[in-house]
Amino acid sequence: MSASVIDGVAVSKVVREKLAGQVAALTAQGRPPGLAVVIVGDNPASKVYVRNKVKACGEIGMHSVLIEYPADASQAEVLARVAALNADPAIHGILVQLPLPAHFDAQHVLESIAPEKDVDGFHVANAGALATGLPGFWPCTPHGVMVMLDHYQLPIAGREAVVIGRSNIVGKPQALMLLARDATVTICTSKTRDLASHTRRADILVVATGRPKMVGGDMVKPGAVVIDVGINRLPDGKLCGDVDYDSAKQVAGWITPVPGGVGPMTITMLLANTVKAAGG
Ligand code: NDP
């Protein structure tokens, strides 16, 4: 058996076409959605990410501004800029690209973003809203996973879902989103004993560890839905996920590739959150 591919590029295209329509409608009503992207320093990966975010905005007709600071910028000047963006009616979404330089208190900077403009969903108010089932902005990567599951009409309620990883940006919110949809959720971490005994009973397995190919086909339940969040660069320059795609594909029912799986959905959900923040 070979798993069906969950195609994040194709799902993104469908969602982005719908968003482009909403952007056009909001713009026609005199409320063009706007996203501000703040980056501090010159981390090469971060620079690629922010460029891709700004480009994606342009592709759906959405206004965006890129605000760049050198690595030695002070936290006070960045906080002052965020405060100005919070008050700017042309800006509906604000994101501060992580990681920030070591002399920043990243959590403090994230908390300075007005929750109603926090389109990354990292503010404690939005994290709390997700945990308690109140409306708010959900972190983009796990939200994108939920949109993919729904796009392919893969059932969630009552299923055994195992999430490997408990970061605030992926694992923990992913588990909460699956729980909200009535999955029976297990969260595994680096301290979990006998990881395979958990993964082998997962109907839905989400892997977000940053450990290249750590989940092989022998750890997958036959027919399972395998979602690989990992993005790792191998010494030969190629990208790979946290799942060993070739062996897992022989066992799973559905699987996301890397690249072309979860990755494209992350930016798509950022666009979706910004349109939502603008009232779309
Ligand atoms: P973090 O490093 O913040 O978290 C990794 C998590 O994995 C931790 O909870 C850690 O456990 C757990 N873990 C590590 N090793 C093991 C192991 N051997 N067994 C079980 N659990 C383990 O990473 P992120 O959540 O930020 O990112 C995870 C991956 O997803 C990375 O590859 C990242 O590049 C990718 N990513 C992809 C995105 C996309 O757009 N597709 C967006 C964001 C991230 P513990 O807490 O015990 O240390």
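Definitions and cut-offs
Residues numbered from 1 in each chain as written. Predicted model: local features only at pLDDT ≥ 70, side-chain atom pairs only at ≥ 80, totals over all residues. Heavy atoms only, no water. Pairing = 2+ DSSP bridges. Helix = DSSP H or I, 4+ residues; strand = E, 2+ residues; numbered from the N terminus. Contact = heavy atoms within 4.5 Å. Axes fitted to C-alpha atoms, helices over the stretch in contact; angles between N-to-C directions. Expected span 1.5 Å × (residues − 1). Buried < 20%, exposed > 50% of the residue type's maximum accessible area, 1.4 Å probe, protein only. Arc of directions from axis to C-beta. Domains from an automatic or database assignment. Phe/Tyr/Trp six-rings, centres within 6.5 Å; stacked < 30°, edge-to-face > 60°. Salt bridge = Lys/Arg side-chain N within 4 Å of Asp/Glu carboxyl O. Near = heavy atom within 4 Å. Polar contact = N/O pair within 3.5 Å; in protein donor to acceptor, adjacent residues only side chain to side chain. Areas by Shrake-Rupley, 256 points an atom, 1.4 Å probe, with all protein chains shown as cover. Nonpolar A, V, L, I, M, F, W, Y, C, P; charged D, E, K, R; others polar.

Structural notes on the sheet that holds strand 1 (residues 4-5)
If you walk across this open sheet you meet the six strands as 1-11-8-7-5-6, and the pairing is parallel. Every other strand in the sheet has two partners, leaving strand 1 and strand 6 (184-188) as the edge strands with one partner each. Here strand 8 (residues 225-228) pairs with strand 11 (residues 254-255) via two bridges, running parallel. Across the sheet, residue Val225 finds its bridge partner in strand 11, namely Trp254. Each of strand 5 (160-164), strand 6 and strand 7 (204-207) touches helix 7 (residues 171-180); the most contacted strand, strand 5, lies at about 170° to it.

Comments concerning helix 3 (residues 75-86)
When the terminal C-alpha atoms of helix 3 are compared, their 16 Å separation across twelve residues agrees well with the 16 Å that a helix rising 1.5 Å per residue should span. Among the residues of helix 3, those classed as buried are Gln75, Val78, Val82 and Leu85. Seen from one end, helix 3 has its buried residues packed into an arc of 85°, which puts them on one side.

Describing the domain arrangement of the chain
Split into domains, the chain comes out as domain 1 (32-114) and domain 2 (139-262). In this structure, domain 1 and domain 2 have C-alpha centres spaced 29 Å apart.

Regarding the environment of Gly263
Mapping Gly263 onto the fold places it in helix 10 (residues 262-277). Of the residues examined, Gly263 reaches a relative accessible area of 33% and is grouped as partly exposed. Linking Gly263 and Gly165, residues 98 residues apart in sequence, is a C-alpha distance of 17 Å.

Some thoughts on the sheet that holds strand 2 (residues 34-40)
The parallel open sheet is built from three strands, whose spatial order is 3-2-4. Edge positions in the sheet fall to strand 3 (63-69) and strand 4 (93-96), since each of these pairs with one other strand and no more. Mean inter-strand twist for the sheet, computed between neighbouring axes without regard to direction, equals 15°. For strand 2 and strand 4, the ladder comprises four bridges, and the chain directions are parallel. Residue pairing across strands places Val38 opposite Val96, the latter belonging to strand 4.

Description of the packing of aromatic side chains
What describes a pair of aromatic rings is the distance from one ring centre to the other and the angle between the planes of the rings. For the coordinates displayed, the defined rule picks out one aromatic pair. An angle of 55° between the planes, with centres 5.4 Å apart, marks the rings of Tyr152 and Trp254 as tilted. Of this pair, Tyr152 sits in the loop between helix 6 (140-151) and strand 5 while Trp254 sits in strand 11; the two residues are 102 residues apart in sequence, bridging distant segments of the chain. Judged by its relative accessible area of 25%, Trp254 is partly exposed.

Some remarks on the pattern of salt bridges
Considering all chains together, one arrives at five salt bridges under this definition. A salt bridge links Lys55 to Glu59; its shortest N-O distance comes to 3.6 Å. Taken together, the positions of Lys55 and Glu59, both in helix 2 (residues 44-59) and four residues apart, correspond to about one turn of that helix. When its relative accessible area of 53% is taken as the criterion, Lys55 is described as exposed. Close ionic contact of Glu160 with Arg201 constitutes a salt bridge, the shortest N to O distance being 2.9 Å. Highlighted residues: Glu160 in strand 5 and Arg201 in the loop between helix 8 (195-199) and strand 7, separated in sequence by 41 residues. The exposure class of Arg201 is partly exposed, given its relative accessible area of 32%.

Section: the site of the ligand
As a structural note, the neighbourhood of the ligand is formed by 21 residues, with Arg166, Ser167, Thr189, Ser190 and Thr266 the closest of them. Arg211 places a polar side-chain atom, nitrogen or oxygen, 3.3 Å from a nitrogen atom of the ligand. Val229 is positioned with one of its backbone polar atoms (N or O) 3.4 Å from a nitrogen atom of the ligand. Computed on the free molecule, the ligand has an accessible area of 920 Å², of which 71% lies beneath the protein chains in the complex. It is helix 10 that contributes the most residues to the shell around the ligand, three residues altogether. Considered class by class, the residues forming the shell around the ligand number eight nonpolar, eleven polar and two charged.

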